[in-house]
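# Working through the structure, step by step
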Amino acid sequence: MHILLAEDDIKTALSVQEGLGLHGITSSHAGDGALAFDLCRKESFDVLIVDRMMPKMDGLSLITALRESGIQTPVLILSALGEVDDRVLGLRAGADDYLVKPFALDELIARLEVLVRRNQGGDQSALVCGPLHLDMLKRQARRDNEILDLMPREFAMLSYLVENAGQVVTRTMLLEHIFQLQFDPQTNIIDVHMSRLRAKVDKGFPIALIKTVRGIGYKIDEH
Amino acid sequence: MHYLKTTSFRTTLIYMVLFSLSAFLVITLIYVQTTNLLRQELDTRVALEAERLKMLYVERGESELRRDIDRSGDDPRAAIYWLADNMGVKIAGNLDRIPSLKSSRSFDENWVEFYFLDADQKATIRGQFIDLSDQLRLFVGRDLAARDRIAASFIQSAFIAFLLIIVLGVAGGIIIARNMQNRLGRINHAAMRIMEGDLEQRIDVGASNDEFDTLARNLNMMLDRISELLTAMRDVSENIAHDLRTPLNRLRARLDVINTHVTREGYQVSGEDIEGLQGEIDNVLLTFSALLSLARLESGAAPLLTEDVDLSLLVRELASLYEPLVEETGADMALWVPDEPLVILASRPLLSQAIGNLIENACKYALAPNKHLNIRLSHSQNTISLLVEDDGPGIPEADFARALRRFGRLDESRAMPGNGLGLPLVYAIILRHGGTMSLEKATIGGLGVRIDFPIHNLIKQE
């Protein structure tokens, strides 16, 4: 994966680049919006990480300019402006995801992986992950041909996991995607829902498909 | 005489000038009208008299006319007669001669006005010439002294009136200015004292309930509010210091322990250690972001990004989101939501957070096996109400106000996890949406939180 990091704070940029490097992600760095725009037109990136407050061209203008010139590379906004309204404005401007500083590196990487994958995969009417088979039209899930009795929300969680099979999905990502909540409940609410889902998907089967990734979130894997 | 520089004094002066001007105009108008009227009346009388004498001459002849003039013309103040031949030699009358026409003003061929110098006093005479025949010329006139006296007294009265207006205006200006000065002085005095640091200083409110008293009362209320905010801010800073220092101290202590292990025993730092430290830092960050959200909500700086939010749907969704959490506590959740949509203009994320926080709070502080959580959404003519109530331990009514304040954690809960910003944040969100929120003793025993949105937020469904 090759990404562009548009961030005016050199220290943050270096530490993010170092963190990405540890996960095998290569990155270029642009210190301001105008430079980032030029780089995007010359080179092709898998994802752009864009800071909102930058000299010369701020993050939102950069995204608008990119979209207007036909560059559809997924964009993740990285910002210290964490209010819900800022998030909404960012997403309206054409960003694909929004992460608030300070953030955990794992959270950033999980989101990058999902963004890249989303950009590659098309619409699918069925999702498969090992013994799991999800019929997206009937909103029905089977494991080894046995229909799982899932609530609509549980099906949504499961399909989100399967869409990103092999990738870690963080709790905040689940909150945003499944529950449309843009705040961090101060309780382990996702864990409770996940343990219910697990009881239906994995209980009584030799292999537990849903795995907890300590301190980060969950992932589904056929192994 | 510093009153002279005050706005009230100057305003009074301006009014005085305007009033004098209008008084002058009115008096002038009356003067002109009155003198006109007097002249007309005089002219009528002169004309009638002239007509009578002319008739007398025509019917009875010159000698009868002369006798009549002699009879009535003893007093020159009443009517003035002068009968002369065509050479201007007087035949009869109480006027000795007609002054040369140079000292007179003629209005038309017959009417004249001239100055007549009597032995002791001068007079102005106005009258009419009538040619009775080729040989006889008659003048009938009246002394204008009456008119002049009225005019003179008019001018005198006007002068006195102007003097009075000026005296009253200046005196009134000074009185009003002094009065204003006194009352403003009290406000200024209080303001100075407050600037010097005496924040408890308040303005005396008079008894008259006029605009100054209203101003004083409002300023006092403003001062109360400011000092309330200052106190709150002081409390908040102290609480921030306490609530943020505690986890930071804990963090520091843990790092010290780990460091000691590492240096003394060659201990390997484990992922668990680091996760523990990350957890502490996350707590601090959560508290910070809650504080920032509160500050932004309360300052009202940025406008809310609002959309149509169906409260019925939102409450149902949040209830189902939190249902497993409630179940985990062993308590029962009951939900009453109307079937019809109740749509208001609101920020969906903020409302979700507010309602979510209430349910979380109940889970954290109130719910236990065999306890109950009731969530009830209803609407009346004027309001949409959301009631979240539990039958947990509740909080004493005396603490209701404190529970809504920042860091107003009740002492019993200091040991519990949380940052004391949950309820205040909910409160700020609801206020920002134009709603009201109050705590009450729940009918089922514990704490009840009631949120009311005014119905004008409701968007009528077609």
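Residues numbered from 1 in each chain as written. Chains lettered and ligands numbered in written order. Predicted model: local features only at pLDDT ≥ 70, side-chain atom pairs only at ≥ 80, totals over all residues. Heavy atoms only, no water.

## Digging into the overall build of chain B
A tally of helices and strands in chain B yields 9 helices and 13 strands. Every one of the 462 residues in chain B was classed for burial, and the buried ones make up 38%. (Helix = DSSP H or I, 4+ residues; strand = E, 2+ residues; numbered from the N terminus. Buried < 20%, exposed > 50% of the residue type's maximum accessible area, 1.4 Å probe, protein only.)

## Some remarks on the interface of chain A and chain B
Counting residues at the interface gives 23 residues for chain A, matched by 27 residues for chain B. When chain A packs against chain B, the two sides together hide about 2300 Å² of surface, and 58% of this comes from carbon and sulfur. Along the contact surface separating chain A from chain B lie 2 salt bridges. Counting across the chain A and chain B interface gives 4 residue pairs in polar contact (both at pLDDT 80 or more). Sorting the residues of the side of chain A that touches chain B by element identifies helix H4 (84–92) and helix H8 (189–201) of chain A as the ones contributing at least two each. Here the element with the most residues in the side of chain A that touches chain B is H4(A); it accounts for 6 residues. (Contact = heavy atoms within 4.5 Å. Buried area = accessible area lost by both parts, 1.4 Å probe. Salt bridge = Lys/Arg side-chain N within 4 Å of Asp/Glu carboxyl O. Polar contact = N/O pair within 3.5 Å; in protein donor to acceptor, adjacent residues only side chain to side chain.)

## Looking at the side chain of Gln128(B)
All names here are of chain B. Position of glutamine 128 among the secondary structure elements: in strand S5 (residues 122–131). Take glutamine 128: its relative accessible area is 15%, and that puts it in the buried class. Every residue in contact with glutamine 128, bar those within four places of it in the chain, is listed here: Val46, Ala47, Ala50, Asn110, Trp111, Leu138, Phe139 and Val140.

## Let's talk about the sheet that holds strand S6 (residues 126–129) of chain A
All names here are of chain A. On the basis of which strands lie adjacent, the open sheet formed by 4 strands has the order S6-S7-S8-S9 and antiparallel pairing. Pairing within the sheet leaves two strands with one partner each, and these edge strands are S6 and strand S9 (146–148). Taking each pair of neighbouring strands and ignoring which way they run, the sheet shows an average axis angle of 25 degrees. Sheet analysis places strand S8 (residues 140–143) next to S9, joined by 3 bridges and oriented antiparallel. Bridge assignment links arginine 143 to a residue of S9, and that residue is glutamate 146. Strands S6, strand S7 (132–135) and S8 of the sheet are contacted by helix H6 (residues 152–163), whose axis makes an angle of about 115 degrees with S7. (Pairing = 2+ DSSP bridges. Axes fitted to C-alpha atoms, helices over the stretch in contact; angles between N-to-C directions.)

## Here we look at the sheet that holds strand S12 (residues 436–441) of chain B
Within a sheet, adjacent strands bond to each other through the backbone by hydrogen bonds, running parallel or antiparallel. Residue and element names in this part refer to chain B. Taking strand neighbours across the sheet as the criterion, the 5 strands line up as S8-S10-S11-S13-S12 in an open arrangement whose pairing is mixed. Strands with a single pairing partner mark the edges of an open sheet, and in this sheet they are strand S8 (332–336) and S12. On average, each strand axis in the sheet is inclined to that of its neighbour by 10 degrees, with strand direction left out of account. In the sheet, strand S10 (residues 372–379) pairs with strand S11 (residues 383–390) via 7 bridges, with the strands oriented antiparallel. Across the sheet, residue asparagine 374 finds its bridge partner in S11, namely glutamate 389. Relative to the sheet, helix H6 (residues 311–329) contacts S8, S10, S11 and strand S13 (447–454), its axis offset from that of S8 by approximately 175 degrees.

## A look at the nonpolar core
Grouped burial of nonpolar side chains is what soluble globular proteins tend to show. Ranked by size, the top nonpolar core spans 84 residues in total, and within it Leu132(A), Leu158(A) and Leu351(B) carry the most contacts. Once residues within four sequence positions are removed from consideration, Leu158(A) is found in contact with Leu132(A), Leu134(A), Ala141(A), Leu150(A), Leu197(A), Val201(A), Ile210(A) and Ile220(A). (Core = buried A, V, L, I, M, F, W, Y, C linked by side-chain atoms within 4.5 Å.)

## Details of the confidence of the model for chain B
Close reading of the predicted structure is inappropriate where its pLDDT is low. Predicted confidence across chain B gives a mean pLDDT of 80, with 88% of residues reaching 70 or more. With pTM at 0.59, the complex prediction returns an ipTM value of 0.74. (pLDDT = per-residue confidence, 0-100.)

## Let's talk about the pairing of strand S6 (residues 136–143) of chain B
Residues and elements named next belong to chain B. Among the 8 residues in S6, 6 count as buried, and that is most of the element. By the bridge criterion, 6 bridges tie strand S1 (residues 80–85) to S6 in an arrangement that is antiparallel. Residue pairing in the sheet places isoleucine 80 in a bridge with glycine 141 of S6.

## Describing H6(A)
All names here are of chain A. End to end, H6 covers 16 Å across 12 residues, agreeing with the expected 16 Å (1.5 Å per residue, within 8%). By the criterion of burial, H6 is predominantly enclosed, with 9 of the 12 residues buried. For H6, the complete set of buried residues consists of Glu154, Phe155, Ala156, Met157, Leu158, Ser159, Tyr160, Leu161 and Val162. (Expected span 1.5 Å × (residues − 1).)

## What about the confidence of the model for chain A?
Here chain A averages 83 in pLDDT, while 93% of its residues score no lower than 70. By mean pLDDT, the top-scoring element of chain A is strand S3 (residues 47–51) of chain A (90), and the lowest-scoring one is H4(A) (77).

## Quick notes on helix H7 (residues 348–365) of chain B
When the terminal C-alpha atoms of H7(B) are compared, their 26 Å separation across 18 residues agrees well with the 26 Å that a helix rising 1.5 Å per residue should span. The buried fraction of H7(B) is high, at 15 of 18 residues.

## Observations concerning the environment of Glu107(A)
All names here are of chain A. One can find glutamate 107 in helix H5 (residues 105–120). For the pair glutamate 107 and glycine 217, spaced 110 residues apart in the sequence, the C-alpha separation amounts to 8.8 Å. Among all residues touching glutamate 107, those that are not within four sequence positions of it are Leu99, Thr170, Thr172 and Met173. In terms of polar contacts, glutamate 107 uses its side chain to reach the side chain of threonine 170, at 2.5 Å.

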